[in-house]
Protein chains: 4
Amino acid sequence: MTSLTLRRQFTIEWGQCDPAGIVFNARFFEMFDASSWLLFEKALGVKPHELSDAFGIIGIPLVDARADFLKPAKFGDVVEIASRVKQFRRSSFDLEHRITVGGELAVDGGETRVWAARDTADPDKIGAVPIPAEVIAKFA
Amino acid sequence: MTSLTLRRQFTIEWGQCDPAGIVFNARFFEMFDASSWLLFEKALGVKPHELSDAFGIIGIPLVDARADFLKPAKFGDVVEIASRVKQFRRSSFDLEHRITVGGELAVDGGETRVWAARDTADPDKIGAVPIPAEVIAKFA
Amino acid sequence: MTSLTLRRQFTIEWGQCDPAGIVFNARFFEMFDASSWLLFEKALGVKPHELSDAFGIIGIPLVDARADFLKPAKFGDVVEIASRVKQFRRSSFDLEHRITVGGELAVDGGETRVWAARDTADPDKIGAVPIPAEVIAKFA
Amino acid sequence: MTSLTLRRQFTIEWGQCDPAGIVFNARFFEMFDASSWLLFEKALGVKPHELSDAFGIIGIPLVDARADFLKPAKFGDVVEIASRVKQFRRSSFDLEHRITVGGELAVDGGETRVWAARDTADPDKIGAVPIPAEVIAKFA
């Protein structure tokens, strides 16, 4: 588990809620994605849209996402999302996204992403490439 | 007013509705956008993502959107959206999107879009260009 | 034109952008809606979800929304949205939402909403009711 | 594994895609949710919004969602989603959602939901209750 953590707080919007008055599940995956980009910006010091240029990759595409919904978040609730990399592997990594409402865990989510670049032999192909050690070091 | 009309029916989803149990307003603009692409596909016989290649344009970007919400659409409602070009001008055009629920007009919407291409002198610039007469003829 | 203005800044997310790399139009209407609720919270001192209880209304439903898209907002752009009530009428009001990117106006939007309550004779019916003078005074 | 399967086809919309030109991950969870409601409608013969009245439940809230993204789906792609209940337990059940593009599996998703009702002793509380055998039988 790395220690660099991205925390942000926001208030649940009317348009994020469903007829049960609680956040519609797909919206939580939007929050995860936004926090992943912000965590990488915080760690690497480059704006999300400059990530590609700075590291010669095409991005950090998602290969897996999941969430346990433990408590609902309602319109007007102030929530906090705390995100960090749980584990780096050779060319992929797991992110943890924990959303709390009033200090209680509401959503326990995760993503798996890859460090992806164009194939040097065939630029039409995209594949996972090794994550540089200096990138991983920034999340320690 | 041109006569070619794109009609499609669908059932309102849970995730499209807000805590009042009715479609959240932003969702109607998603419906308008999807119908505009489908109308162009129907008129011009090319798939939406091939529109650029077929006509040398970069797309039909939106410059204005608007909607009057007359009646709510609820979860489970079967709605119909009927879309057509209201008026072609030299390089822009107005679309009309009318959503009905049970035969009654629920949303009266509209978009203004431009026929946009890269500037031949400066490819970094994008601008409105004249709409070919043969394109307009397809909507008659 | 009232003077109370709600300003908020945020960074455009990956998931808010379309294949052209710019904010998808429907997303701006989500931003308008969220800002309208926040403006009312700022003016009236009640949380958005308490608006109904505090004023005996069922809400401030949208009857019309519109936007001019003047410049695109891209992934990573820091945008500001400034919202205020343009005009109060007897039981409805117009809101103005202006989104700027780098100080330049990108989206010029508006909403018309009504001050809505249940009919005292027939609680199944919802209708526009006069906006209290003390509510309007809070936006001056 | 139950055998009743809900299949539907649709074309990927511009507004469902991100700057990489592929469906933004959160959108797949919208598709899962919509298909779960439609599967229950197909099995039980009641419209989604009538599910509560017909079975004395408040709904089938989601407690867990997950997806593996194997291949991207692009703007204009015709996709099929096939959904069925993988397993019924006493008061919860697992759904499988498989999205294919051109016959190839693109997204392998799943949800866990509960059969939820108000507590008869304390109506403010909601909890999982046993799924009636006749409900389960409809999915065989």
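Residues numbered from 1 in each chain as written. Chains lettered and ligands numbered in written order. Predicted model: local features only at pLDDT ≥ 70, side-chain atom pairs only at ≥ 80, totals over all residues. Heavy atoms only, no water.

Student: I tried to follow the overall build of chain A on my own but got confused; where do I start?
Tutor: Check the secondary structure of chain A and you find 3 helices and 7 strands. Starting at the N terminus, the α and β elements of chain A follow one another as β-α-α-β-β-β-β-β-β-α. Seen through its principal axes, chain A has C-alpha atoms that stretch 50 × 30 × 25 Å. By the burial criterion, 54% of the 140 residues in chain A qualify as buried. About 6100 Å² of surface is accessible on chain A, with carbon and sulfur atoms providing 50% of the total. Averaging the locations of the 17 positively and 20 negatively charged side chains of chain A gives two centres separated by 4 Å. (Helix = DSSP H or I, 4+ residues; strand = E, 2+ residues; numbered from the N terminus. Buried < 20%, exposed > 50% of the residue type's maximum accessible area, 1.4 Å probe, protein only. Areas by Shrake-Rupley, 256 points an atom, 1.4 Å probe, with all protein chains shown as cover. Lys, Arg positive; Asp, Glu negative; His and termini not counted. Charge placed at Lys NZ, Arg CZ, Asp CG, Glu CD.)

Student: Sorry, what's going on with the relation of the copies chain A and chain B here?
Tutor: Both copies of the chain are tied together by a single rotation about an axis and a shift running along it. Mapping chain A onto chain B is achieved by rotating through 180° and translating by 0.0 Å along the same axis, at an RMSD of 0.0 Å. These values place the two chain copies in the arrangement generated by a two-fold rotation axis. Both copies contact each other with a shared surface, as 100% of the interface residues of chain A are interface residues in chain B too. (Least-squares fit on C-alpha atoms with pLDDT ≥ 70 in both. Contact = heavy atoms within 4.5 Å.)

Student: Any chance you could explain the packing of helix 1 (residues 25-44) of chain B against helix 1 (residues 25-44) of chain C here in plain terms?
Tutor: The axes of two packed helices give the description: the angle between them and the distance between them. For the pair helix 1 of chain B and helix 1 of chain C, the least separation of the axes is 8 Å and the interaxial angle reads 170°. The angle between helix 1 of chain B and helix 1 of chain C places the two elements in the roughly antiparallel class. Counted together, Asn25, Ala26, Phe29, Glu30 and Asp33 of chain B of helix 1 of chain B and Asn25, Ala26, Phe29, Glu30 and Asp33 of chain C of helix 1 of chain C form the full contact between these two elements. Here the contact of helix 1 of chain B with helix 1 of chain C is composed, by residue class, of 4 nonpolar, 2 polar and 4 charged. (Axes fitted to C-alpha atoms, helices over the stretch in contact; angles between N-to-C directions. Parallel < 35°, antiparallel > 145°, perpendicular 65-115°, else oblique. Nonpolar A, V, L, I, M, F, W, Y, C, P; charged D, E, K, R; others polar.)

Student: So what exactly am I meant to see when it comes to the relation of the copies chain D and chain A here?
Tutor: By a simple turn and slide, chain D fits onto chain A: the slide is 0.0 Å along the axis, the RMSD is 0.0 Å, and the turn is 180°. Mapped onto chain A, 100% of the interface residues of chain D again fall at the interface, so both copies present the same surface.

Student: Just checking my understanding: could you explain the environment of methionine 1 of chain D for this structure?
Tutor: All names here are of chain D. For methionine 1, the position within the fold is in the segment before strand 1 (6-11). On the basis of relative accessibility, which here comes to 56%, the residue methionine 1 falls in the exposed class. Taking the C-alpha atoms as reference points, methionine 1 and phenylalanine 93, separated by 92 residues in sequence, lie 11 Å from one another. Non-local contacts of methionine 1, meaning those with residues more than four positions away in its chain, are made with Arg84, Val85, Lys86 and Glu96.

Student: Please clarify how the interface of chain D and chain A should be interpreted in this entry.
Tutor: Note: interface size is frequently given as the accessible area lost on complex formation between the parts. Contact with chain D, which involves 14 residues of that partner, is made by 14 residues of chain A. Interface area, chain D with chain A, both sides summed: about 1200 Å², of which 55% is carbon and sulfur. Viewed at the interface, chain A and chain D are joined by 4 residue pairs in polar contact (both at pLDDT 80 or more). It is strand 2 (residues 62-69) of chain D that contributes the most residues to the side of chain D that touches chain A, 8 residues altogether. (Buried area = accessible area lost by both parts, 1.4 Å probe. Polar contact = N/O pair within 3.5 Å; in protein donor to acceptor, adjacent residues only side chain to side chain.)

Student: Before we go on, may I ask you to explain the nonpolar core in this structure?
Tutor: Core analysis: the biggest nonpolar cluster contains 168 residues, and Phe139 of chain A, Phe139 of chain B, Phe139 of chain C together with Phe139 of chain D have the highest contact counts within it. Sequence-distant contacts of phenylalanine 139 of chain D, defined by excluding residues within four places in its chain, comprise Thr2, Ser3, Leu4, Leu39, Phe40, Ala43, Leu44, Val85 and Phe88 of chain D. (Core = buried A, V, L, I, M, F, W, Y, C linked by side-chain atoms within 4.5 Å.)

Student: Quick question: what am I supposed to make of the interface of chain A and chain B here?
Tutor: In this assembly, 8 residues from chain A lie in contact with 8 residues from chain B. Both faces considered, chain A and chain B share a buried interface measuring about 810 Å² in area, 73% of it formed by carbon and sulfur atoms. The three residues of chain A that bury the most area against chain B are Trp14, Pro19 and Phe24 of chain A, which together make up 62% of that side's buried surface. Run the count over chain A and chain B and you get 0 salt bridges. The tally of links from chain A across to chain B stands at 2 residue pairs in polar contact (both at pLDDT 80 or more). Across the side of chain A that touches chain B, the residue classes tally to 5 nonpolar, 2 polar and 1 charged. (Salt bridge = Lys/Arg side-chain N within 4 Å of Asp/Glu carboxyl O.)

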